[in-house]
Amino acid sequence: MSRIAYVNGRYVPHRDAAVHIEDRGYQFSDGVYEVCEVRDGRLVDERRHMERLARSLGELRIPNPMTPKALSAVLHETVARNRVTNGIVYLQVTRGVARRDHAFPPEGTLPAVVVTARTIERWKGEREAVNGVTVVSYPENRWSRPDIKSVSLLGNVLAKQFAKEKGAREAWYVDRDGFVTEGSSSNAWIVTADNKVMTHGASNGILRGITRTVILDVMKAHNVTLDERPFTLEQAFAAKEAFVTAASQIVLPVISIDGRPVGDGKPGPIATALRRDFHNHAEFT
Ligand code: PMP
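Residues numbered from 1 in each chain as written. Predicted model: local features only at pLDDT ≥ 70, side-chain atom pairs only at ≥ 80, totals over all residues. Heavy atoms only, no water.

Visitor: What am I meant to see in the overall build of the protein chain here?
Guide: Secondary structure assignment for the protein chain yields eight helices and 16 strands. Taken against the 2.2 N^0.38 rule, which gives 19 Å for 285 residues, the C-alpha radius of gyration of the protein chain at 19 Å falls within 12% of a compact globule. Along the three orthogonal principal directions, the C-alpha set of the protein chain runs to about 55 × 40 × 35 Å. For the protein chain, the share of sequence-separated contacts (at least 6 apart) that also reach a separation of at least 24 residues comes to 72%. Here the protein chain displays about 14,100 Å² of accessible surface, and carbon together with sulfur accounts for 52% of that area. Counting 39 positive and 34 negative side-chain charges, the protein chain places the centres of these two groups 3 Å from one another. (Helix = DSSP H or I, 4+ residues; strand = E, 2+ residues; numbered from the N terminus. Rg over C-alpha atoms; globule rule 2.2 N^0.38 Å. Contact = heavy atoms within 4.5 Å. Areas by Shrake-Rupley, 256 points an atom, 1.4 Å probe, with all protein chains shown as cover. Lys, Arg positive; Asp, Glu negative; His and termini not counted. Charge placed at Lys NZ, Arg CZ, Asp CG, Glu CD.)

In structure tokens form, the structure reads like this:
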């Protein structure tokens, strides 16, 4: 079945979908994005993702491209037209097309909107969760606003490629003070020897993951103690468990960091329980 993309008001064949060469996303990475999980044909946590989108747009002073209702309709329509039952829907908004000039384009320049959707077989994620994944550490070298979900992902690209070349699933950024901030495309967590879950605070230095937010609710329901503070790589090496969270991955247990086994080198019970209960706390639309 051929794929369909939404590009600036039109549904077009994916292979022909294109934006103008002077789109500011293309020229300056001047745009933001969101990724929602699609599960059983429905969007997971659309409301929270759209709230974060509004915040990212606001921080960059990119006008809202359309009403929340219209945007929601496009997201659902793109999922339906691509017959995605399980997978992801991707939304990107850039500052639009204008003559190349670093400063913002003239008032009234329309933001550009692209939406795509694709199937990801559910068993693939389940297999990764059962086996656990590996991570490697990598120096934090991104700009200072990773809280904005911007398409300026060069630092994340280089970190992920580093991980890939090391045979790992994810790279964990370590900042100058030795603290793990987050992964190249996920949030980072550990479970300490005394069963406290640690993750970097979301006020600065990381993206406030939607999965992260929902997992905090799941933890409350399971009476898991949260210690929302940065942890060091040494603390991670000594952890009982570690895991990563992202909308496209839900929770994935981490079984090794820089080649050292985490705990007994198998997916841990807390990460596994959080993954199992996640969708009971998520919203479906
Ligand atoms: N941090 C980074 C850098 C990411 O790219 C992502 C995934 N987009 C996350 C964290 C997790 O965010 P979410 O749970 O909203 O997918």
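Now, onward.
Visitor: Looking at this structure, how should I read a nonpolar patch on the surface?
Guide: The grouping of Leu154, Val157 and Leu158 at the surface amounts to a nonpolar patch, some 300 Å² of accessible area in total. When you line up the elements, Leu154 lands in helix α5 (residues 154-165). We classify Leu154 as exposed; its relative accessible area is 61%. (Patch = residues over 30% accessible without salt bridge, like charges linked within 9 Å, V, L, I, M, F, W, Y side chains within 5 Å. Salt bridge = Lys/Arg side-chain N within 4 Å of Asp/Glu carboxyl O. Buried < 20%, exposed > 50% of the residue type's maximum accessible area, 1.4 Å probe, protein only.)

Visitor: Please clarify how the sheet that holds strand β2 (residues 10-13) should be interpreted in this entry.
Guide: The pairing of strands in a sheet happens through backbone hydrogen bonds and is either parallel or antiparallel. Within the open sheet, the six strands sit side by side as β2-β1-β6-β5-β3-β4. Their pairing is antiparallel. Single-partner strands in this sheet number two, and they are β2 and β4 (42-43). Bridging between strand β3 (residues 31-39) and strand β5 (residues 87-94) involves eight bridges; their strand directions are antiparallel. Along β5, the bridge assignment pairs Cys36 with Val89. Relative to the sheet, helix α3 (residues 68-81) contacts β1 (4-7), β2, β3, β4, β5 and β6 (112-119), its axis offset from that of β6 by approximately 35°. (Pairing = 2+ DSSP bridges. Axes fitted to C-alpha atoms, helices over the stretch in contact; angles between N-to-C directions.)

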